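# Topology and contacts: notes
So the chains spell out like this:
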Amino acid sequence: MVKTMKGAAMELPLNQIIAGDSIEVMRSLPEASVDLIFADPPYNLQLKADLHRPDNSRVDAVDDEWDQFSSFAAYDTFTREWLAAAKRLLKPHGAIWVIGSYHNVFRLGAELQNQGFWILNDVVWRKSNPMPNFRGKRLTNAHETLIWASKEEASKYTFNYEALKALNEGIQMRSDWVLPICTGHERLKDENGDKAHPTQKPESLLHRVLVGTTNPGDVVLDPFFGTGTTGAVAKMLGREFIGIEREASYRAVAEKRLAKVRKYDSTALEVSRAKRAEPRVPFGQLVERGMLRPGEVLVSQNGKTAKVRADGTLISAEASGSIHQVGAALEGAPSCNGWTYWNFHREGQVVPIDVLRQQIRSEMR
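The following paragraphs examine the structure supplied in this document. As the structure is a computational prediction, the values presented were derived from the model and not from experiment.

What counts and what doesn't
- Residues numbered from 1 in each chain as written.
- Predicted model: local features only at pLDDT ≥ 70, side-chain atom pairs only at ≥ 80, totals over all residues.
- Heavy atoms only, no water.
- Helix = DSSP H or I, 4+ residues; strand = E, 2+ residues; numbered from the N terminus.
- Buried < 20%, exposed > 50% of the residue type's maximum accessible area, 1.4 Å probe, protein only.
- Contact = heavy atoms within 4.5 Å.
- Areas by Shrake-Rupley, 256 points an atom, 1.4 Å probe, with all protein chains shown as cover.
- Pairing = 2+ DSSP bridges.
- Axes fitted to C-alpha atoms, helices over the stretch in contact; angles between N-to-C directions.
- Parallel < 35°, antiparallel > 145°, perpendicular 65-115°, else oblique.
- Left-handed = near helix turned anticlockwise from the far one by under 90°.
- Nonpolar A, V, L, I, M, F, W, Y, C, P; charged D, E, K, R; others polar.
- Phe/Tyr/Trp six-rings, centres within 6.5 Å; stacked < 30°, edge-to-face > 60°.
- Lys NZ or Arg CZ within 6 Å of the ring centre and 35° of its normal.
- Core = buried A, V, L, I, M, F, W, Y, C linked by side-chain atoms within 4.5 Å.
- Expected span 1.5 Å × (residues − 1).
- Arc of directions from axis to C-beta.

It is worth spelling out the overall build of the protein chain at this point. A tally of regular secondary structure across the protein chain gives 11 helices and 15 strands. Per-residue burial over the protein chain gives 47% buried out of 365 residues. Across the protein chain, every contact between residues at least 6 apart in sequence was considered, and the portion connecting residues at least 24 apart equals 66%. If you sum the accessible surface of the protein chain, you get close to 18900 Å²; carbon and sulfur atoms cover 49% of it.

Our focus in this paragraph is the side chain of Glu-296. As for its position among the elements, Glu-296 is in the loop between α8 (283-288) and β10 (297-300). Here Glu-296 is in contact with Ala-306, Lys-307, Val-308, Phe-344, His-345 and Arg-346, once residues within four sequence places are set aside.

The element strand β4 (residues 90-100) is extensively covered by neighbouring structure, given that eight of its 11 residues are classed as buried. The pairing of β4 with strand β6 (residues 143-150) spans six bridges and is classified as antiparallel. Within the sheet, the bridge partner assigned to Ala-95 lies in β6 and is Ser-150.

Packing of helix α5 (residues 203-213) against helix α6 (residues 229-236) leaves a shortest axis separation of 9 Å and a crossing angle of 55°. Between α5 and α6, the angle falls in the class oblique. The way α5 lies across α6 gives a crossing that is right-handed. Along its contact with α5, which presents Glu-203, Leu-206, His-207 and Leu-210, the element α6 presents Thr-229, Thr-230, Ala-232, Val-233, Ala-234 and Met-236. Across the contact of α5 with α6, the residue classes break down as six nonpolar, three polar and one charged.

The tally for this structure, following the rule as stated, stands at 13 aromatic pairs. Taking the centre distance of 5.8 Å and the plane angle of 10° together, the rings of Phe-225 and Phe-241 count as stacked. Note that Phe-225 is positioned in the loop between β8 (219-222) and α6 and Phe-241 in strand β9 (residues 240-245), a separation of 16 residues in sequence. Grouping residues by exposure puts Phe-225 and Phe-241 together as buried. Among the aromatic residues, ring-to-ring pairing joins Trp-97, Trp-148, Tyr-157, Phe-159, Tyr-161 and Trp-177 into one connected group. Lying over the aromatic face of Phe-117, Lys-87 brings its terminal NZ or CZ to 5.3 Å of the ring centre.

With that settled, the discussion passes to the sheet that holds strand β12 (residues 314-315). Hydrogen bonding along the main chain pairs the strands of a sheet, whether they run parallel or antiparallel. Read from one edge to the other, the open sheet built from six strands follows the order β13-β12-β11-β10-β14-β15, with strand pairing classed as antiparallel. If you trace the sheet from one side to the other, it starts and ends with β13 (320-321) and β15 (349-352), each paired once. When strand β11 (residues 305-308) meets β12, the two strands line up antiparallel, connected through two bridges. Looking across to β12, one finds that Lys-307 is bridged to Ile-315.

With that out of the way, let us pick up the nonpolar core. The biggest cluster of nonpolar side chains holds 35 residues, and the ones touching the most others in it are Trp-97, Leu-146, Trp-177, Leu-205, Val-209 and Leu-210. Among the elements that line this core, the one with the most residues is α5, at five residues. Non-local contacts of Trp-97, meaning those with residues more than four positions away in its chain, are made with Leu-36, Ile-37, Phe-38, Ala-39, Val-123, Leu-146, Ile-147, Trp-148, Trp-177, Val-209 and Thr-213. Counting 29 residues, the second largest nonpolar core, distinct from the first, contains Val-98, Leu-112, Leu-221 and Phe-224.

What follows is about helix α7 (residues 248-259). The terminal C-alpha atoms of α7 lie 17 Å apart, and with 12 residues this matches the ideal 16 Å at 1.5 Å per residue to within 8%. Within α7, the full set of buried residues consists of Tyr-250, Arg-251, Val-253, Ala-254, Arg-257 and Leu-258. Buried residues along α7 cover an arc of 165° about the axis, so they all sit on one side. What points out from α7, more than 90 degrees from its buried face, is the exposed set Lys-256 and Ala-259.

With that out of the way, let us pick up unusual backbone geometry. With a phi close to 50°, Ala-32 is a non-glycine residue in the positive phi region. By the secondary structure assignment, Ala-32 is in the loop between α1 (22-28) and β3 (34-39). Overall, the relative accessible area of 36% leaves Ala-32 in the partly exposed class. Its identity is not glycine, yet Glu-169 carries a phi of approximately 55°, on the positive side. As for its placement among the helices and strands, Glu-169 is situated in the loop between α4 (161-167) and β7 (176-179).

Written out as structure tokens, the structure reads:
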């Protein structure tokens, strides 16, 4: 699954981890080929010395070489280059998520705007179990910030509003997410039993991002793949992924992890959709298919009736026209949703005509 960067341009390497520098690899991939990018770049934490707990034990903080930059200017150059390479890869209606801490997220946000990305939301990931501040000189750093941006202001990005609302027990999803950091069984370990990666993201975070802003079959790129959380969740959710990672030790852990992941079945991947996003079904199609017959009587909840005609219109004593027009006329209202207004009789039961529309929609899907 791991590919190594070569000089020549590459085909789109779906569901693979590419070994190499993220900027070089992104520049080699086909333009406008990716639906979503999730990026967890180096934070540039600027740690000057080891961090210790009150009992003098050393904290396993981010002190790796990949997080070291000589200056803010050097970090800004790095940010400018990888974001430019990322934007080139996004499809016209693609989007990007970046995540960071107070050390770097403001610089990321400024560069996103400099390059013409259109910021849609900033999301506060509030950690339900944050690491305490051991020195006692600052507030406990209990959150990270995600920025969600479309490629351009006019991009028709994916947003599964109803799916996120369903995840939140029917309440509109807010921009503050309370989720735990990686602990216990989810925290990956190396051969010595130590953390495989200091900033491994929880699968719950990627689940929410991918369910909310991608669809099955979309291509998701993670240019700082680490131990593969983005790839693992993408694979489970039926999305295609591309990972880029230069550190061999992280790639090895990610490979082992991904080999154990299985995609959910196709029916489990369906999510709630807004009704306006559903395929349009004309009422006349119900008549054409014999689901309702010309001459059949429809009835409203308050006892108003109308007959079905062969062309998919209705007629009553007071009016004729579409299911919406006749319903509005009978109620003396300016408008009416005929799909929820009218019912038909089957085997002694009163059934909404919308049941038939949903049956056709399920076939279309």
